[in-house]
Amino acid sequence: AHREPWSLREGDFSKARKRLDPKPLSIERTKGSEILFGIAPCALALSQSRRDLFRLFLKQSSGSRRLVTSEFVLQATARGVPVHHVKRRELDALCRGRVHQGVCLEATPLRFKSLEEAEKPNLGDEENPNRQLIWLVLEQIQDPMNLGALLRSAYFLGVDRVVTSQRNSCPLTPTVSKASSGAMEVFDIYSTDDLRSFLKAKTAEGWEVVGTVSKPEDVENVPVISCLEFRWNKPVIIVIGSEGDGLSLETQLLCHRMLAIPPGRALHPGIESLNVSVATGILLHSICSQKLRHSD
């Protein structure tokens, strides 16, 4: 007799809690859109005119985050993008639990540009015969975190163009944009379905094609040098291979030289190579620093 009223009260409490705890916002996405996440990708996507923008989602906030929020509201208002203030868990659901930093943006995807567009001399002083050009070519980079990190380094260090192979390569996803810290939003990325013909054509134009290798003993018929010894006096293409297999043999044979990073110690078996994005950053810095010295 004493237990029944308690069970009723418990049931009532459960119903009341459900009323106070509303369901997460159900957001119907615009057809063909994707969800960008993170402060840098969303801010840069808003400031550039490269995507169609549909809605900005901001975490309900107070205190120190208000300044960031108000900046986003100003940017979105200037572009005519509706702003929705939502709970954190709704942002979590929008970007499937990734690190959004309180910001998500619904927008159209970015696409790779065609190589025909890459050939247009719209780099200002590209017509200057003394200008040293450096293009980065990516063969079958599949991990979006690696691709994003590669784009970030290429943009920072002054690479003029990035070209990827279409086959077995990662598309330009929101994860890539976040990993690039938004560099993908301001830096055009090109793609080709015939990497080998592209490299042959650039060689015929007088470019040097330089491959990369983690184990020099694996390379035949192409000279291998340390990146510290590399000197260049003509336009250069740096070709980076996939995470697991490196450059394909066919691509290696189109390279004039192969670059290796000398290790700083005797290496333990099993940890004899670097992550592809880290290795590329080291190689690009070694090469682009020469470009800076020559332009003085």
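Residues numbered from 1 in each chain as written. Predicted model: local features only at pLDDT ≥ 70, side-chain atom pairs only at ≥ 80, totals over all residues. Heavy atoms only, no water.

### Comments concerning the nonpolar core
Considering soluble globular proteins, one finds that nonpolar side chains tend to be buried as a cluster. Rule in force here: We call a set of buried residues a nonpolar core when its members are Ala, Val, Leu, Ile, Met, Phe, Trp, Tyr or Cys and they connect through side-chain atoms within 4.5 Å of each other. Buried, partly exposed and exposed residues are distinguished by accessible area as a fraction of the type maximum, computed with a 1.4 Å probe on protein chains only: under 20%, between the cut-offs, and over 50%, respectively. Pairs of residues are marked as contacts when any of their non-hydrogen atoms sit within 4.5 Å.
Within the largest apolar cluster, 32 residues are counted, with the highest numbers of intra-cluster contacts made by Ile134, Leu136, Leu138, Leu147, Val162, Phe230 and Ile238. Residue contacts for Leu138: discarding those within four places in its chain leaves Leu147, Leu150, Val162, Val163, Thr164, Ser165 and Ile240. Of all hydrophobic cores here, the second largest spans 20 residues; its members include Leu133, Trp135, Val163 and Ala260.

### Observations concerning unusual backbone geometry
Rule in force here: Strands are runs of DSSP state E lasting at least two residues, helices are runs of H or I lasting at least four, and both sets are numbered from the N terminus onward.
Even without glycine at this site, Asn168 takes up a positive phi of about 55 degrees. On the secondary structure map, Asn168 appears in the loop between strand S7 (161–165) and helix H7 (174–179). One non-glycine residue, Ser181, lies in positive phi territory at about 55 degrees. Relative to the helices and strands, Ser181 resides in the loop between H7 and strand S8 (189–192).

### Concerning the pairing of strand S1 (residues 34–37)
Heads up, the condition is: Pairing between strands requires that DSSP locate at least two bridges from one strand to the other.
Side chains Glu34 and Leu36 project from S1 onto one buried face, and the interleaved Ile35 and Phe37 project onto a second face that is buried too. Relative to strand S4 (residues 103–107), S1 is paired through 4 bridges, and the arrangement is antiparallel. Each bridged residue has a counterpart across the sheet, and for Leu36 the counterpart in S4 is Leu105.

### Quick notes on the pattern of salt bridges
Our working definition: What counts as a salt bridge is simple: a side-chain nitrogen of Lys or Arg found within 4 Å of a carboxyl oxygen of Asp or Glu.
A complete count under the given rule lists 8 salt bridges for this structure. A salt bridge links Asp188 to Arg50, with the nearest nitrogen and oxygen atoms 2.7 Å apart. Here the residue Asp188 occupies a position in the loop between H7 and S8, and Arg50 occupies one in the loop between helix H2 (39–47) and strand S2 (53–59), the gap between them amounting to 138 residues. For Asp188, a relative accessible area of 23% puts it in the partly exposed group. A relative accessible area of 30% places Arg50 in the partly exposed class. For Arg51, the salt bridge is made with Glu185, and the minimal N-O distance between the two is 2.8 Å. Of this pair, Arg51 sits in the loop between H2 and S2 while Glu185 sits in the loop between H7 and S8; the two residues are 134 residues apart in sequence, bridging distant segments of the chain.

### Overview of the sheet that holds S4
By definition, the strands of a sheet pair up through backbone hydrogen bonds, in either a parallel or an antiparallel sense. To keep it simple, the criterion reads: Lines fitted to the C-alpha atoms define the axes, with helices restricted to the stretch that makes contact. Angles between their N-to-C directions range from 0 to 180 degrees.
Read from one edge of the open sheet, 4 strands run S1-S4-S2-S3, paired in mixed fashion. Strands at the two margins of the open sheet, each flanked by one partner only, are S1 and strand S3 (83–86). When the angles between neighbouring strand axes are averaged without regard to direction, this sheet yields 25 degrees. Relative to S3, S2 is paired through 4 bridges, and the arrangement is parallel. For Leu58, the partnering residue across the bridge sits in S3 and is His85. H2 rests against S1, S2 and S4 of the sheet, and its axis sits at about 45 degrees to S4.

### Considerations on the packing of aromatic side chains
Put simply, the rule reads: Paired rings are identified among Phe, Tyr and Trp, the last through its six-membered ring, by centres lying within 6.5 Å, and are further divided according to the angle between planes into stacked (under 30 degrees), edge-to-face (over 60) and tilted (the rest).
Scanning the model with the defined rule gives 3 aromatic pairs in all. Seen in terms of ring centroids, Tyr155 and Phe187 are 5.6 Å apart; in terms of plane orientation they differ by 65 degrees. Their pairing is edge-to-face. One end of the pair, Tyr155, is in helix H6 (residues 144–157); the other, Phe187, is in the loop between H7 and S8, with 32 residues separating them in the sequence. Ring pairing ties together the aromatic residues Trp135, Phe198 and Trp207, which thus form one cluster.

### As for the layout of surface pockets
Note the threshold: Cavities and pockets were defined on a 1 Å grid built from protein atoms only: a cavity is a group of points that admits a 1.4 Å probe but offers it no way out, a pocket is an open group of points flanked by protein on both sides within 12 Å along at least five of seven lines, and a lining residue is one with an atom within 4 Å of any such point. Grid points are joined across faces, edges and corners, and a volume is the space filled by probe spheres set on the points. Under the scheme applied, nonpolar residues are Ala, Val, Leu, Ile, Met, Phe, Trp, Tyr, Cys and Pro; charged residues are Asp, Glu, Lys and Arg; polar residues are all the others, including Gly.
Roughly 900 Å³ of volume is contained in the largest pocket. Within the residue set of the lining of the largest pocket, elements represented by two or more residues are strand S12 (257–260) and helix H10 (276–294). Grouping the amino acids of the lining of the largest pocket by side-chain chemistry returns 16 nonpolar, 12 polar and 6 charged. Each pocket or cavity is described by its volume, and for the second largest pocket that value is around 190 Å³. Arg29, Glu34, Ile35, Phe37, Leu94, Cys95, Arg96, Arg98, Thr173, Pro174 and Thr175 are the residues that line the second largest pocket. Counting only elements with at least two residues in the lining of the second largest pocket, the list comes to S1 and H7.

### Some points on the side chain of Thr164
You can see Thr164 is positioned in strand S7. Judged by its relative accessible area of 3%, Thr164 falls in the buried class. Leaving out residues up to four positions away in the same chain, Thr164 has contacts with Phe112, Leu138, Ile189, Tyr190, Ser191 and Thr192.

### Remarks on the confidence of the model for the protein
Detail in the predicted coordinates should be disregarded across regions flagged by low pLDDT. Convention followed: Each residue carries a pLDDT value, the predictor's own confidence for that position, ranging from 0 to 100.
Confidence in the prediction of the protein, expressed as mean pLDDT, is 84, and 83% of residues score 70 or more. Low pLDDT, under 50, characterises residues 1–10; the predicted model gives this stretch 0 contacts beyond four residues in sequence or across chains. Note that residues 16–22 has pLDDT below 50 and, in this model, 2 contacts with residues that lie over four places away or in other chains.

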